[in-house]
Amino acid sequence: MTHRLPRIALLATGGTIAGLADDASDLTGYRAAQLGIADLLARMPALDGLATLVPEDIAAIDSKDATPAFWQAVGQRVQAAVDDPEIDAVVLTHGTDTLEETAWYLQLTVRTRKPVVLTGAMRPASAALPDGPQNLTDAVRVAADARAAGRGVLVVMNARILAARRVTKQHTTSVDAFGLRDDAVGAVYDGATRWRDPLPARLPAPSFSVQTPLAPVDIVVGYAGCSTAPIDALVAEGVAGLVWAGTGNGAVPTTVASRLRAAVDAGVVVVRASRSGRGAVTRCASSDDLPFLHSGDLDPGKARVLLMLALGAGEPAAALQGHFDALASPRVTP
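So, how was this worked out
- Numbering of residues starts from 1 in every chain and runs along the sequence as written.
- Given that this is a predicted model, residues contribute local features only at a pLDDT of at least 70 and side-chain atom pairs are listed and counted only at 80 or more, while totals for whole chains, interfaces and linings are drawn from all residues.
- Values reported for side chains reflect all heavy atoms of the structure, with hydrogen atoms and water molecules removed beforehand.
- Helix and strand assignments follow DSSP, with helices taken as H or I runs no shorter than four residues and strands as E runs no shorter than two, numbered in order from the N terminus.
- Per-residue accessibility, obtained with a 1.4 Å probe over protein chains only, is compared with the maximum for each type, and a residue is labelled buried under 20%, exposed over 50%, and partly exposed between these values.
- Note on contacts: a residue pair is in contact if any heavy atoms of the two residues lie within 4.5 Å.
- Only strands joined by at least two bridges in the DSSP assignment are considered to pair.
- With axes taken as lines fitted to C-alpha atoms, and helix axes fitted only over the stretch in contact, angles between N-to-C directions fall between 0 and 180 degrees.
- When the strands point away from the viewer and the connection leading from the first strand across the helix to the second strand turns clockwise, the crossover is called right-handed.
- Note that the term roughly parallel is reserved for angles under 35 degrees, roughly antiparallel for angles over 145, roughly perpendicular for angles of 65 to 115, and oblique for everything else.
- By the definition used in this description, the sense in which the near helix is turned from the far one sets the handedness, with an anticlockwise turn below a right angle giving left-handed and a clockwise turn giving right-handed.
- Residues are grouped as follows: nonpolar covers Ala, Val, Leu, Ile, Met, Phe, Trp, Tyr, Cys and Pro; charged covers Asp, Glu, Lys and Arg; every other residue, Gly included, is treated as polar.

Peer 1: Lay out the side chain of Arg304 with the relevant residues and their values.
Peer 2: Among the secondary structure elements, Arg304 is positioned in helix 7 (residues 300–312). For Arg304, a relative accessible area of 17% translates into the label buried. With near-sequence residues (within four places) excluded, Arg304 lies in contact with Pro68, Trp71, Glu101, Val217, Asp218, Ile219 and Val243.

The structure is reproduced here in structure tokens:
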């Protein structure tokens, strides 16, 4: 009996992996999203024996230009793919600049136990030694692995398997831009996938869907002597929420606290997060903290995506903190 290969929807959105430069030595001055998925596959080693691919171009953008509308369009296409009984998994190619935000959006909205794997590249396809072909090969290998099922949305870059919950881009140009911290849930080497945890991670079921509206939420960054003008401008513009990316434990300077409290009084939901990159933002003892939610260990970008969905879903104010608490990582302590 012939063994049936996994059937994988390969959805392409552009990015550096499909980028071209005029010179093979140019690794930063390229034009993103120049190759369609068929042209990209033609430049790669054959993937015969790994999976049966169903390739489709669903966008062609530089991911710096991704928008919430783009997340929704991608999410709807991914959900349609995993709902197809003939499809076993999805691999999505994506630019690296905002890959972590799209991955987190998909984690919060796509309802499936089938593997959904994102990948990209730090070097364009025209480079003398592009990293895209290996990353895409590894992503297909992970998506084809039955042990990837039920682990949520995954990102595969530079032989590492990373969970959407923790993935961040940590370097501007390195091919190891997503691997500077030890957040990997597995790795790909010697032609095989290796998992740290032999059992699928126990993840909460998505509270939202790809049909959930996205409310307008912005991020304001704290720094020494920071201005309060962005807060007032965004409130006047009509945002539904603000994420305060504060120093340390999401600290709010005295000069800023009154403006954030005024925002809350105006009906804007404010979430304290941290620009630090590690550790959980916790409830402060000060009464000044009472109007604000806290992000736990979600970074400001991920906190924003979650708040956009929660507010877009019309969640009552009393339920909002519960969403952040439910997604707290058991590996992180205050």
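Peer 1: Explain helix 3 (residues 99–109) residue by residue, including any values.
Peer 2: Of all 11 residues in helix 3, 10 are buried, a share of seventy percent or more. Burial in helix 3 covers these residues: Leu99, Glu100, Thr102, Ala103, Trp104, Tyr105, Leu106, Gln107, Leu108 and Thr109. Its buried side turned inward, helix 3 meets helix 2 (68–83), strand 3 (89–93), strand 4 (116–119), strand 5 (153–157) and helix 7.

Peer 1: Describe the sheet that holds strand 2 (residues 52–61), listing the residues and the values that go with them.
Peer 2: Overall, mixed pairing links the 8 strands, which are arranged 2-1-3-4-5-6-7-8 in an open sheet. The open sheet is flanked by strand 2 and strand 8 (192–195), the only strands paired with a single partner. Across the sheet, the mean angle from the axis of one strand to that of its neighbour is 25°, orientation sign disregarded. With 5 bridges joining them, strand 1 (residues 7–14) and strand 3 adopt parallel strand pairing. Across the sheet, residue Ala12 finds its bridge partner in strand 3, namely Thr93.

Peer 1: Talk me through the pairing of strand 10 (residues 241–246); I want residue IDs and the actual numbers.
Peer 2: Among the 6 residues in strand 10, 6 count as buried, and that is most of the element. Of the two faces of strand 10, both are covered, the one formed by Gly241, Val243 and Ala245 as well as the one formed by Leu242, Trp244 and Gly246. Bridging between strand 9 (residues 217–221) and strand 10 involves 5 bridges; their strand directions are parallel. By the bridge assignment, Asp218 is partnered in strand 10 with Leu242. Read as a crossover between parallel neighbours, the route from strand 9 over helix 5 (residues 229–237) to strand 10 is right-handed. Here strand 10 runs beside strand 11 (residues 269–274); their pairing, made up of 6 bridges, is parallel. Looking across to strand 11, one finds that Gly246 is bridged to Ser274. Handedness of the crossover joining strand 10 and strand 11 through helix 6 (residues 254–265): right-handed.

Peer 1: Mind laying out the sheet that holds strand 9, listing which residues take part and the relevant values?
Peer 2: A sheet is described by the order of its strands in space; here 4 strands give the open sequence 9-10-11-12, paired in parallel fashion. Every interior strand has two partners, whereas the edge strands, strand 9 and strand 12 (293–294), have only one.

Peer 1: Can you explain the packing of helix 3 against helix 7? Please cite residues and give values.
Peer 2: Relative orientation of the contacting elements helix 3 and helix 7 amounts to 40°, with a least axis distance of 10 Å. Here helix 3 lies oblique to helix 7, going by the angle between them. Judged by the sense of rotation from one axis to the other, the crossing of helix 3 with helix 7 is right-handed. Listed contacts from helix 7 to Glu100, Glu101, Trp104, Tyr105, Leu108 and Thr109 of helix 3 are Lys302, Arg304, Val305, Leu306 and Leu309. Classifying every residue of the contact of helix 3 with helix 7 gives 6 nonpolar, 1 polar and 4 charged.

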